[in-house]
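Residue-level structure breakdown
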Amino acid sequence: MKTYKEPAKELPVIAEVDTLVVGGGPAGIMAACAAAANGAKVMLLENRGFVGGNLALGLPILGFLSVKGDLIIRGLSEKYMEKLRERGAAGPHRRCQQHVSLTIINPDEAKTVALEMLKEYGVDLKLYTMFVDAIVEGNSIKGVITESKNGREVILAKNIIDCTGDGDVAARAGVEYSKGDAEGGLQPPTLMFSMKGVDVEGLRKAIVDEEEGYGMDLMPNSQFKEGHFITVGLRGRLKKAAEDGMHIPVLRTILITGLDKDQIWVNMTRVNGVDSTDRDSYTHGEIVAREQVYEVARYLKKYVAGFKDAYIDTITPFMGIRESRVIKGKYILTAEDILSDRRFDDVIAVASYPVDIHHAKGGDCTMKYCEDCYDIPYRVLLPENIDNLLVAGRCSSMNHEAMAATRVMSTCMAIGEAAGVAARIANEKNETPAEVNVKELQNELRAEGAYLR
């Protein structure tokens, strides 16, 4: 391979802040607002032209409720949901037979409300700003190098929260990480799209009345007969389509009602083998997934009730990534912790979503449920070797199976808020996040409405 030696140059330091948050998805939004709550100088970097991350993909937010129906994701996350509801941009938290709970949101309003919250809390937002590298001295990360239309620049910070989803900051800072299952297989991503002109009530009736021919993963219960729903299965319809020569990348039809009465969001594209930490792999995934959208739409129109007159309304701006890097932290959360409803003395969030693994090979999925709730310990946010770095979201310290449960947006939002509060306390006490008193952190989270049991 040919190489080119880039000339060395001095980079301008454009800001020195108390807390720098990298990544403006569900975890990053909550982390930035929480860190700035008492007037701290907080900056949020996002490489796209909007904030929201997966909130902007038409996905329902899963996991606000526990298996028993209790509201367990509260605090800033629920404040955000209340702001969406005030605009008519979110439905109620609704129990779901297969996904524990779902909350339908308007993806465009989700971006707007996130911007409003960041402004309310005084967060300095930098869009179209790419994180490039970490500036590390010993066991401390001093700042980051960025790239934008302004060129290469430096931002220094007392502490940094990695909310990139891919653990980009942690990886560049030398934090140990892993990717995928024992064979390195990653859960495949999905490019969401919505269809309008759907006879949603006709679809609902067909699934109930023709369950045997449709092949549902779960028999619809009484909750399915009204309101928003996710339906999973229709394996009989997919089998018929395959017999007729169609090539659908999944073995299950996953359909989600939108806020509009004739709208369905479709979660059915799948590109196995995509690694979002590799540019070429990510590019390939986006191209193939967009091709799949049209084949899936044809399948729905021809084989599924209610879709005869439907049309593609929206294709989301990027794929939803289920899995990439996870760091090695001071504790690694496991599936055993989740399925045994384990409690931890250093709990900073409580979750109830099941272990939901989309298989790295083939087109199927496995779900394993806990009986109630499990704790997320503070230690999973703390890398082993960098004292003033927090890692929040699906790239926190979990193994492959545990991350398949904690990756949903509600849990990431709660983890992000905890990281932001920890960073704020660390700044106020002139200490690192690794030195923060966990009891003080828990008391602060509870005072702000978080649920910790």
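Each chain has its residues counted from 1, following the order in which its sequence is written. Owing to the predicted nature of the model, reporting of local features is limited to residues with pLDDT of at least 70; listing and counting of side-chain atom pairs is limited to 80 or more, with chain, interface and lining totals taken over all residues. Hydrogens are left out, water is left out, and the side-chain values use all remaining heavy atoms of the structure.

**Description of the sheet that holds strand β13 (residues 253-257)**
Any two strands with at least two DSSP bridges between them are considered paired. Only runs of H or I of at least four residues qualify as helices and only runs of E of at least two qualify as strands under DSSP, and these elements are numbered from the N terminus. Pairing is antiparallel in the open sheet, where five strands are placed in the order β12-β13-β14-β11-β15. Two strands bound the open sheet, and with one partner strand each, they are β12 (230-233) and β15 (311-315). Between one strand axis and the next, the sheet turns by 30° as a mean value, whatever way the strands run. Examined bridge by bridge, strand β11 (residues 193-196) and strand β14 (residues 264-266) share three bridges and lie antiparallel to one another. Paired with M195 across the two strands is I264, which belongs to β14. Lines fitted to C-alpha atoms define the axes here, with helix axes fitted over just the stretch in contact, and angles between the N-to-C directions of these axes take values from 0 to 180 degrees.

**Thoughts on the pattern of salt bridges**
Any carboxyl oxygen of Asp or Glu that lies within 4 Å of a side-chain nitrogen of Lys or Arg is treated as forming a salt bridge with it. The tally for this structure, following the rule as stated, stands at 31 salt bridges. The shortest N-O distance in the salt bridge between D346 and R379 comes to 2.8 Å. In this pair, D346 sits in the loop between α9 (335-339) and β17 (347-351) while R379 sits in the loop between β20 (374-377) and β21 (389-391), placing the two residues 33 residues apart along the sequence. For D346, a relative accessible area of 9% gives the class buried. The cut-offs for exposure are 20% and 50% of the maximum accessible area for each residue type, with area from a 1.4 Å probe on protein chains only; residues under the lower value are buried, those over the upper are exposed, and the others partly exposed. Its relative accessible area of 30% is what places R379 among the partly exposed residues. Note that R453 and D375 form a salt bridge whose closest N and O atoms lie 2.8 Å from each other. With R453 in the segment after α12 (438-447) and D375 in strand β20, the pair connects residues that are 78 residues apart, well separated along the chain. Connected through shared salt-bridge partners, D217, R235, R252 and D364 make up one network.

**Examining the pairing of strand β8 (residues 140-148)**
Regular strands place side chains that alternate from one sheet face to the opposite one. Across the nine residues of β8, seven count as buried, placing the element largely inside the fold. Across seven bridges, strand β7 (residues 130-137) lies against β8 in antiparallel orientation. Its bridge partner lying in β8, E137 is registered against S140. The antiparallel pairing of β7 with β8 creates a hairpin that spans two residues between the two strands, and G138 there sits at a positive phi of about 60°. One ladder, built from six bridges, connects β8 with strand β9 (residues 151-162); its direction is antiparallel. For V144, the partnering residue across the bridge sits in β9 and is I155.

**Points about the side chain of S352**
Inspection of the secondary structure puts S352 in the loop between β17 and β18 (355-358). Assessed through its relative accessible area of 1%, S352 is described here as buried. Think of a polar contact as two N or O atoms within 3.5 Å of one another; within protein, one of them needs to be a possible hydrogen donor and the other a possible acceptor, and neighboring residues in sequence only count if both atoms come from side chains. One polar contact links the side chain of S352 to the main-chain amide nitrogen of V67, over a distance of 2.9 Å. Polar contacts involving the side chain of S352 include one to the main-chain carbonyl oxygen of D372, which spans 2.5 Å. Discounting chain neighbours no more than four positions away, the residues touching S352 are L65, S66, V67, I72, V100, C370, D372, C373 and Y374. The criterion used for residue contact is that any of the two residues' heavy atoms lie within 4.5 Å.

**Examining the packing of aromatic side chains**
When the centres of two rings from Phe, Tyr and Trp lie within 6.5 Å, Trp using its six-membered ring, the rings pair. Their planes under 30 degrees apart give stacked, over 60 give edge-to-face, and anything left gives tilted. In total, this model carries three aromatic pairs according to the counting rule given. Taking 6.0 Å as the distance between ring centres and 25° as the angle between the ring planes, the aromatic pair formed by Y299 and Y303 counts as stacked. Of this pair, Y299 and Y303 both sit in helix α8 (residues 279-303), four residues apart, roughly one helical turn. Taken as a pair, Y299 and Y303 share a single burial class, namely buried. Taking 5.2 Å as the distance between ring centres and 65° as the angle between the ring planes, the aromatic pair formed by Y331 and F344 counts as edge-to-face. With a gap of 13 residues between them, Y331 in the loop between β16 (325-327) and α9 and F344 in the loop between α9 and β17 connect regions that are remote in the sequence. For Y331, a relative accessible area of 17% puts it in the buried group.

**Here we look at helix α11 (residues 409-429)**
For α11, spanning 21 residues, the distance from its first C-alpha to its last is 30 Å, which sits close to the expected 30 Å at 1.5 Å a residue. Summarising burial for α11: 19 of the 21 residues are buried, a large majority. Just downstream of α11 lies N430, where phi reads positive at about 55°. The length a helix should cover is 1.5 Å for every residue beyond the first.

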